[in-house]
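Here is what each chain is made of, one letter per residue.
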Amino acid sequence: MKTDLLIESILVGDVTPNDFYDWASSYILAGDDSENINILVGLASEKKPSNHELIRYFKYALLDKGFSFPAEPRQSYTENRFRADFERLILSITEDELLFIASADHAQEVGEHYAALKNLIFERRGVPSEEMYWFPYECIELSRWSIEKGHEREFAISNCIIAQAIIVGADVNNDASYMLEKLMVAYGELPFELNKLVVGHVTFAARCQKYKRDYESVINN
């Protein structure tokens, strides 16, 4: 496993002992090991290794190689992981695309949905507040379920807004893993760049949702 991917797994919270083992083993096989790398392999080989110790010696091993573990807190890292590409996508939305999403609820209360959607995107950079649960979030949730020819961008924008809301904790109701399960075929109909962004963003949101333990106290020590 590459160093950047291992660091991301630690920050997200879905790292496994095998990830540490594979990372350290790659250095040993290349004849580029160190005492801390060898200790890390030994720890990762145990039946019930301590995540605390695995992360500790991974950080030591990084120092051996002239690197350091990033100081960025988990929340900051996860919220920013797709932010640049996400904002680039949503801020490019057109008036017609805004109206299409705002009309997703059988064209009911389009004006209210449209105004709230515009505020969500251009004022709040795509992150909904609690009072946006109905206007415009209901339309966003509806428009993410199906892709229509000629409206692929609206589908992508809606899915990414939900993914980012899940990542930052603004949406605690939707399930990103369920979205992947139900929408992967539809995602495959997107143009390559949109497909890459949407699948990556929703997959990352699903990983963040599965985070169970608080690693930050270990990471920041």
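Use the structure listed above.
Residues numbered from 1 in each chain as written. Predicted model: local features only at pLDDT ≥ 70, side-chain atom pairs only at ≥ 80, totals over all residues. Heavy atoms only, no water.

## A word on the overall build of the chain
What counts here: Only DSSP runs of H or I reaching four residues or more are called helices, and only runs of E reaching two or more are called strands; each is numbered from the N terminus. Relative accessibility thresholds used throughout: buried, under 20% of the residue-type maximum; exposed, over 50%; partly exposed, between the two (1.4 Å probe, protein chains only). We call two residues contacting when some pair of their heavy atoms lies within 4.5 Å. Computed with the Shrake-Rupley method and a 1.4 Å probe, the accessible areas treat only the protein chains shown as cover for residues.
Of regular secondary structure, the chain possesses 13 helices and 0 strands. For the chain, the succession of helices and strands along the chain, N to C, is α-α-α-α-α-α-α-α-α-α-α-α-α. Oriented by its inertia axes, the alpha-carbon framework of the chain measures out at about 65 × 30 × 30 Å. Taking all 221 residues of the chain together, the buried fraction comes to 48%. Long-range contacts, defined as pairs at least 24 residues apart, comprise 65% of the intrachain contacts of the chain with a sequence gap of at least 6. A total accessible area of about 11500 Å² is found for the chain, and carbon and sulfur atoms account for 51% of it.

## Looking at the packing of aromatic side chains
Let me state the cut-off plainly: In this scheme Phe, Tyr and Trp rings, the latter by its six-membered ring, pair at centre separations within 6.5 Å, and the angle between planes marks the pair as stacked below 30 degrees, edge-to-face above 60, and tilted otherwise.
Applying the stated criterion across every chain yields a total of 9 aromatic pairs. Pairing tyrosine 57 with tyrosine 60 gives two aromatic rings, centres 5.3 Å apart and planes at 90°, and the pair type is edge-to-face. Of the two residues, tyrosine 57 and tyrosine 60 are both situated in helix H4 (residues 51-64); the distance of 3 residues between them amounts to about one turn of the helix. Residue tyrosine 60 is classed as partly exposed on the basis of its relative accessible area, which comes to 34%. Centroid distance phenylalanine 82 to phenylalanine 204: 5.7 Å. Interplanar angle 50°. Geometry classified as tilted. Highlighted residues: phenylalanine 82 in the loop between helix H5 (74-80) and helix H6 (83-90) and phenylalanine 204 in helix H12 (residues 192-209), separated in sequence by 122 residues. Classification of phenylalanine 82 as buried rests on a relative accessible area of 11%.

## Thoughts on the pattern of salt bridges
Cut-off, in case you're wondering: Salt bridge, as used here, is a side-chain nitrogen of Lys or Arg placed within 4 Å of a carboxyl oxygen of Asp or Glu.
Applying the stated criterion across every chain, the model contains 11 salt bridges. Glutamate 79 is paired through a salt bridge with arginine 83; the nearest N and O atoms lie 3.8 Å apart. Where aspartate 85 meets arginine 88, a salt bridge forms, and the shortest distance between an N and an O atom there is 2.6 Å. Taken together, the residues span about one helical turn, with aspartate 85 and arginine 88 both in helix H6 at a distance of 3 residues. What makes arginine 88 exposed here is its relative accessible area of 55%. Three or more residues are tied together by salt bridges with common partners; here these are Glu8, Asp14, Arg81 and Arg207.

## Examining the side chain of lysine 65
Spelled out, the test is: Under the rule applied, a polar contact is a pair of N or O atoms within 3.5 Å (in protein, one hydrogen donor and one hydrogen acceptor; residues adjacent in sequence only if both atoms are side-chain atoms).
Along the polypeptide, lysine 65 turns up in the loop between H4 and H5. Reaching out from lysine 65, the side chain makes a polar contact with the backbone oxygen of aspartate 32 at a distance of 2.6 Å. Residues contacting lysine 65, with those up to four places away along its chain left out, are Tyr27, Asp32, Asp33 and Ile37.

## Quick notes on the nonpolar core
So the rule is basically this: Here, nonpolar core refers to any group of buried Ala, Val, Leu, Ile, Met, Phe, Trp, Tyr and Cys residues whose side-chain atoms link them within 4.5 Å.
Phe20, Trp23, Phe58, Ile161 and Tyr187 are the most contacted members of the largest nonpolar core, which totals 64 residues. Of all the elements, helix H10 (residues 152-168) adds the most residues to this core, at 10 residues. Those residues in contact with phenylalanine 20 that lie beyond four places of it in its chain are Leu6, Ile10, Val15, Leu40, Ala44, Leu54, Ile55 and Phe58.

## Describing H6
For clarity, the cut-off: The arc in question is traced by the directions running from the helix axis to the C-beta atoms.
Buried within H6 are the following residues: Phe86, Glu87, Leu89 and Ile90. Take H6 and look down its axis: the buried residues cluster within an arc of 160°, on one side only. Where H6 is buried, its residues touch helix H8 (110-122), H10 and H12.

## So, the packing of helix H2 (residues 17-29) against H4
This is how the line gets drawn: Helix axes are fitted only over the stretch in contact, all axes being lines through C-alpha atoms; the angle between N-to-C directions runs from 0 to 180 degrees. In this scheme, roughly parallel covers angles under 35 degrees and roughly antiparallel covers those over 145, while 65 to 115 is roughly perpendicular and the rest are oblique. Helix crossings get a hand from a simple test, with the near helix turned counterclockwise from the far one by less than a right angle marking a left-handed crossing and a clockwise turn marking a right-handed one. Classification convention: Asp, Glu, Lys, Arg as charged; Ala, Val, Leu, Ile, Met, Phe, Trp, Tyr, Cys, Pro as nonpolar; all other residues, Gly among them, as polar.
In contact at an axis separation of 11 Å, H2 and H4 are set at 20° when each is read in the N-to-C sense. Relative to H4, H2 is oriented roughly parallel. Here the hand of the crossing between H2 and H4 comes out left-handed. Of the residues in H4, those touching H2 at Pro17, Phe20 and Trp23 are Leu54, Ile55, Phe58, Ala61 and Leu62. Its residues assigned to classes, the contact of H2 with H4 comprises 8 nonpolar, no polar and no charged.

## Looking at the environment of serine 34
Here serine 34 lies in the loop between H2 and helix H3 (35-44). Serine 34 sits in the buried class, given a relative accessible area of 15%. Expressed as a C-alpha distance, the spacing of serine 34 and glutamate 72, which sit 38 residues apart in the sequence, is 26 Å. Here aspartate 64 takes part through its side chain, which lies 2.8 Å from a polar atom of the side chain of serine 34.

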